[in-house]
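# Understanding the architecture of this molecule
Each chain, written out:
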Amino acid sequence: MSQNINIRTASHAGSWYSSNTRKLDTELSGYLEAVTPAGEAYPIKGCKAIIAPHAGYSYSGPAAAWAYKSIDTTGIKRVFILGPSHHFYLNSCALSACKEYDTPLGRLPLDLETVAELKATGAFETLSLSQDEDEHSLEMHLPYVRKIFQGMDIAIVPVMVGAISTASEIAFGTLLAPYLAREDTLCVVSSDFCHWGTRFQYTYYYPGPDAGGVHLSASAGPAPTYAIHESITRLDKEAIDVLTVPPGGAAEAHTQFAGYLKRTKNTICGRHPIGVLFGALGALEAEAEDKIRVEWVRYEQSSQCVRLEDSSVSYASAWVLF
């Protein structure tokens, strides 16, 4: 734990990613240079939010680069970072008590004025330093943010999102919407996709491209004609299709996503931060209906599962206009 309660240390540096400044910078540069979008040219003019994974960089760093390279840094002064809580139960959203977050690439100051305004609403809890430093979902985005905004004067607003209801996602999204709508503000949403395998207690499986879902077990294995990794791809792509805007609107997508999660129980760990973002988009929809776009640009799996004993985590990246 940090000796200075005002500074959150880079507690996962040296394990989840390199603690060496030059090596980390070179790795991130390599990930970003490898991004070759076939569609719209990067950066995406007016990009207002991204969704990107938060695993160790050797696993998800390349996929996250597809989101980060889409960012148009022009005029951005503030970056909200929304991530899930993995280590303690939280039935709300929580803000940091720190003044700065450290990274091997340099520190990121918090926007203390915005944090104070949000605390004053009474809707947010406050993280202890140990809770803040234990969580990786926010930290894994800090080096990328520092890298993309290299040499720029920006501040961050980290928000840990707990296991909240769909109604609470809408409520927090509506609260954050005026902040996210500011021209000088970007939002980063932290989420991996499916965590599949017995070690994650999740073995949902489609026996075919059009078949209904079942749960694999020692007595019920996968079909020989449809690999587990193909089923995981179908499962994740269903969520990605629901969360693509247009053709539908953001509020409709949010409702459909909640229904999809209820049906499949897909282990998308950042489902609630995604829900808060879509709650905000839904609140902004009346004014920006024709402008809201959510485009998914990358999908990967950490490994290709074939047997019940295998496991994998999926990574997906998106950019958002509104």
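Reading the values: rules and limits
- Residues numbered from 1 in each chain as written.
- Predicted model: local features only at pLDDT ≥ 70, side-chain atom pairs only at ≥ 80, totals over all residues.
- Heavy atoms only, no water.
- Helix = DSSP H or I, 4+ residues; strand = E, 2+ residues; numbered from the N terminus.
- Rg over C-alpha atoms; globule rule 2.2 N^0.38 Å.
- Buried < 20%, exposed > 50% of the residue type's maximum accessible area, 1.4 Å probe, protein only.
- Contact = heavy atoms within 4.5 Å.
- Areas by Shrake-Rupley, 256 points an atom, 1.4 Å probe, with all protein chains shown as cover.
- Lys, Arg positive; Asp, Glu negative; His and termini not counted.
- Charge placed at Lys NZ, Arg CZ, Asp CG, Glu CD.
- Expected span 1.5 Å × (residues − 1).
- Arc of directions from axis to C-beta.
- Axes fitted to C-alpha atoms, helices over the stretch in contact; angles between N-to-C directions.
- Parallel < 35°, antiparallel > 145°, perpendicular 65-115°, else oblique.
- Left-handed = near helix turned anticlockwise from the far one by under 90°.
- Nonpolar A, V, L, I, M, F, W, Y, C, P; charged D, E, K, R; others polar.

## Considerations on the overall build of the protein
Helices and strands together make up the secondary structure of the protein, namely nine helices and 14 strands. Taken over C-alpha atoms, the radius of gyration comes to 19 Å for the protein, in line with the 20 Å a tight globule of 322 residues would show. When its C-alpha atoms are laid out on the principal axes, the protein stretches across 55 × 45 × 40 Å. In the protein, which comprises 322 residues, the share counted as buried stands at 55%. For the protein, long-range pairs separated by at least 24 residues make up 80% of all intrachain contacts whose partners lie at least 6 apart in sequence. By element, 50% of the accessible surface of the protein is carried by carbon and sulfur atoms, the whole surface being about 13500 Å². Averaging the coordinates of the 25 positive side-chain charges in the protein and doing the same for the 35 negative ones gives two points 3 Å apart.

## Considerations on helix α8 (residues 250-264)
Its 15 residues place the ends of α8 21 Å apart at the C-alpha level, agreeing with the 21 Å of an ideal helix rising 1.5 Å per residue. Of the residues making up α8, those classed as buried are Ala250, Ala253, His254, Phe257, Tyr260, Leu261 and Thr264. The buried residues of α8 all sit within an arc of 125° when viewed along its axis, so they share a single face. Opposite the buried face of α8, at more than 90 degrees from it, the exposed residues are Thr255 and Lys262. For α8, the secondary structure elements touched by its buried residues are α6 (166-180), β11 (204-205), α7 (228-242) and α9 (271-288). At the exit of α8 stands Lys265, carrying a positive phi of roughly 55°.

## Some words on the packing of α8 against α9
The contact between α8 and α9 brings their axes to 7 Å, and the two run at 155°. Looking at the two axes, α8 sits roughly antiparallel to α9. For the pair α8 and α9, the sense of crossing is left-handed. Where α8 abuts α9, its residues Ala250, Ala251, Ala253, His254, Phe257 and Leu261 lie against Arg271, Ile274, Gly275, Phe278, Gly279, Leu281, Gly282 and Glu285. When its residues are assigned to classes, the contact of α8 with α9 shows eight nonpolar, four polar and two charged.

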